[in-house]
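Take a look at the letters that make up each chain.
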Amino acid sequence: MSFHRLAIDYSAADGGTISSIETAINNAFDPISAAVSSFVFFTVNIGGAAVPLIVLWLILGAVVFTVTFKFIQFRGIKRSLILVSGKEDEADAPGEVSHFRALTAAVSGTVGLGNIAGVAVAVTLGGPGATLWMILAGLLGMASKFVECTLGVKYRDINEDGTVSGGPMKYLTKGLAERGLAKVGKVMAVFYAVIITFFAISGGNMFQANQTYAQVRSVTGGDEGFLGSDGAKAVFGLVIAIIIGLVIIGGMKSISAVTAKLVPSMALVYVVACGVVIAVNFRSVPTAFGAIFDGAFSPEGVAGGVLGVMIIGFQRAAFSNEAGLGSASIAHSAVKTRHPVTEGFVAMLEPFIDTVVICTATALTIVIANTVSWQDQRAIVAETGELPAGGVTLTSDAFETVLPWFPYVLTLAVALFALSTAITWAYYGLQAWTSLFGRSRLSRNFFNLMFCTFTVIGTVLSLGSVLDFADATLFLLALVNISGLYLLLPVVKRELSDYMAVRRGESKAVDAEL
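All values reported here derive from a predicted model rather than from experimental measurement.

**Structural notes on the overall build of the protein chain**
Alright, step 1. Helix and strand counts for the protein chain stand at 22 helices and 4 strands.
Alright, step 2. In the protein chain, buried positions account for 58% of the 514 residues.
Alright, step 3. Of the roughly 19600 Å² of accessible surface on the protein chain, 65% is carried by carbon and sulfur atoms.

As structure tokens, this is what we get:
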């Protein structure tokens, strides 16, 4: 499944040099993208449902981690909230940012167009019942984040200038070396760094700039508006690149300072807008919840029945919160703490915010608004199995039933989501880049300049096949990352046990209350 296919689709101007370049690049990447996508998103037919094995791999990992740590996402939620509140922050601890800022930086990397468009696609293909399975998958994913982000802090490097380098590149290398698998860990870490660098520049940057431009262009007159020309695309991209450049040049402290303000505010605006639609249609709320529960266990018009709708919900959640991919541990590793497991607790809030709160808010809004366009799209899906309209359109239609001016709010939401995502992925990409090519000033400046250059390129060119390839390779990382997490589970158990002992003031681990 391709993320960018959920989005607004516009191509380069018909004819001309830009269109020719875009077509040539897409044609070159088409066979590569198709081959990699078919491997990564390989499906098996189970009970009439096409089940992507990569989704099963992600969910299986989440279930294993949930059981291993005795449902830590429920037992430890109070501790998560205490830590993120700042009550136990250690100003003199090693690291760069507070628990709260590390969390908002990581959330900004996952919250985006998928929460708006992808959820609309899920509840159209899978019906209202997909919402329940999406929530369940989000809750399970909290355990995956706990494991990978604990390891991210455990094996991070504190550089001479006080900055932090962490994430799968570090825990795969150092952690597996401790277990006698140094060569395997090194290969896995290099592979991971190469893919993260590529995705950061493409999916985490070019696509975000492309969709920001497309949404702004759509509400300013389209082809006839002042942003309708190729020249306007380039200027718009240059402005976005300058904004991103000014933020990322300051490193994690600068990035977290921006996301700490941007993420809570944009999430609040979006969730409040959802709440308004739900409140206005409050008489439909019981019916909608009934449809969600009935649709989860007795779906109609969904290929594969219960299993089919379950997979659609699980898939949307897994693709949205990225639990199990390891990327978020790069941001979380910058936290100021002496106890790695504390950031594991905080990281659990990430899938909760992304999937359980924001994705669910979108789903409820669409189901409760029950627009004619959504009903029509569901009828077409039931008849043909295909979804002809984009997810953004369906979400926008649901809001317009109450808020006629919502396309402008949606434009702002898409722009802010995309900008914060690009900023965070610039940091992820830089960490991966420096793990490959060193941390010299020249190396870091080269990456930042390259990243901003591709921001402009992404605004001008859609490059669909390149982005399909990037999507596929990103989820290929789940095979590498989760394998590493399984091997390093004893380390996480020890860290949790030691932290509980410290909290109880004892010299050895005990079953302390979280």
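**What to know about the pairing of strand S1 (residues 43–46)**
Alright, step 1. In the sheet, S1 pairs with strand S2 (residues 49–52) via 4 bridges, with the strands oriented antiparallel. Residue pairing across strands places Asn 45 opposite Ala 50, the latter belonging to S2.
Alright, step 2. Two successive antiparallel strands, S1 and S2, enclose a turn made up of 2 residues, where Gly 47 displays a positive phi of approximately 60°.

**With respect to the nonpolar core**
Alright, step 1. Phe 146, Val 147, Leu 151, Ile 196, Phe 345, Tyr 428 and Phe 475 are the most contacted members of the largest nonpolar core, which has 144 residues in total.
Alright, step 2. Counting residues per element, this core draws most heavily on helix H19 (residues 406–437), at 16 residues.
Alright, step 3. Among all residues touching Tyr 428, those that are not within four sequence positions of it are Ala 105, Ala 106, Ile 196, Ser 327, Ala 328, Ile 330 and Ala 331.

**Observations regarding the pattern of salt bridges**
Alright, step 1. The full count for this structure, using the stated rule, is 8 salt bridges.
Alright, step 2. Here Arg 79 ties to Glu 88 by a salt bridge, and the two come within 3.0 Å at their closest N and O atoms.
Alright, step 3. A relative accessible area of 2% means that Arg 79 is categorised as buried.
Alright, step 4. Taking relative accessible area as the criterion, Glu 88 reaches 35% and is therefore assigned partly exposed.

**As for helix H4 (residues 77–84)**
Alright, step 1. For H4, the complete set of buried residues consists of Arg 79, Ser 80, Leu 83 and Val 84. Take H4 and look down its axis: the buried residues cluster within an arc of 125°, on one side only.
Alright, step 2. In this structure, the buried side of H4 is in contact with helix H5 (99–110), helix H15 (340–347), helix H16 (349–369) and helix H22 (489–503).
Alright, step 3. Downstream of H4 by a residue or two, Gly 86 has a phi angle that is positive, lying close to 95°.

**A closer look at the side chain of Gln 208**
Alright, step 1. With respect to the element layout, Gln 208 can be found in helix H9 (residues 182–218).
Alright, step 2. Of the polar contacts made by the side chain of Gln 208, one reaches the backbone oxygen of Gly 203; its length is 3.1 Å.
Alright, step 3. Those residues in contact with Gln 208 that lie beyond four places of it in its chain are Gly 203, Ala 418, Thr 421 and Ala 422.

**Some details on the packing of aromatic side chains**
The geometry of two aromatic rings is summed up by the distance between their centres and the angle between their planes.
Alright, step 1. One pass over the full model with this rule turns up 18 aromatic pairs.
Alright, step 2. With a centroid separation of 5.9 Å and 85° between ring planes, the pair formed by Trp 57 and Tyr 486 is classed as edge-to-face. One end of the pair, Trp 57, is in helix H2 (residues 53–68); the other, Tyr 486, is in helix H21 (residues 464–487), and 429 residues separate them in sequence.
Alright, step 3. The rings of Trp 433, Phe 437, Phe 446, Phe 447 and Phe 451 are connected pair by pair, giving a single aromatic cluster.
Alright, step 4. Geometry around Trp 374 places Arg 378 over its ring, the cationic atom sitting 5.3 Å from the centre.

**Remarks on the confidence of the model for the protein chain**
Alright, step 1. The predicted model of the protein chain averages 83 in pLDDT, with 89% of residues at 70 or higher.
Alright, step 2. Long-range and interchain partners of residues 9–15, a stretch whose pLDDT sits below 50, account for 19 contacts in this model, where long-range means more than four residues apart.
Alright, step 3. In the predicted structure, residues 507–511 sits below a pLDDT of 50 and forms 8 contacts with residues beyond four places in sequence or in another chain.

**Remarks on H15**
Alright, step 1. In terms of residue burial, H15 counts as a mostly covered element, since 8 of its 8 residues are buried.
Alright, step 2. Along H15, the residues classified as buried are Pro 340, Val 341, Thr 342, Glu 343, Gly 344, Phe 345, Val 346 and Ala 347.

**Thoughts on the side chain of Thr 424**
Alright, step 1. Following the sequence through the fold, Thr 424 ends up in helix H19.
Alright, step 2. On the accessibility criterion, Thr 424 (2% relative accessible area) is buried.

**Concerning the environment of Val 67**
Alright, step 1. Of note, Val 67 is situated in helix H2.
Alright, step 2. The class of Val 67 is exposed, set by a relative accessible area of 54%.
Alright, step 3. Spatially, the C-alpha atom of Val 67 lies 9.8 Å from that of Leu 140, the residues being 73 residues apart in sequence.

Parameters and conventions
Residues numbered from 1 in each chain as written. Predicted model: local features only at pLDDT ≥ 70, side-chain atom pairs only at ≥ 80, totals over all residues. Heavy atoms only, no water. Helix = DSSP H or I, 4+ residues; strand = E, 2+ residues; numbered from the N terminus. Buried < 20%, exposed > 50% of the residue type's maximum accessible area, 1.4 Å probe, protein only. Areas by Shrake-Rupley, 256 points an atom, 1.4 Å probe, with all protein chains shown as cover. Pairing = 2+ DSSP bridges. Core = buried A, V, L, I, M, F, W, Y, C linked by side-chain atoms within 4.5 Å. Contact = heavy atoms within 4.5 Å. Salt bridge = Lys/Arg side-chain N within 4 Å of Asp/Glu carboxyl O. Arc of directions from axis to C-beta. Polar contact = N/O pair within 3.5 Å; in protein donor to acceptor, adjacent residues only side chain to side chain. Phe/Tyr/Trp six-rings, centres within 6.5 Å; stacked < 30°, edge-to-face > 60°. Lys NZ or Arg CZ within 6 Å of the ring centre and 35° of its normal. pLDDT = per-residue confidence, 0-100.

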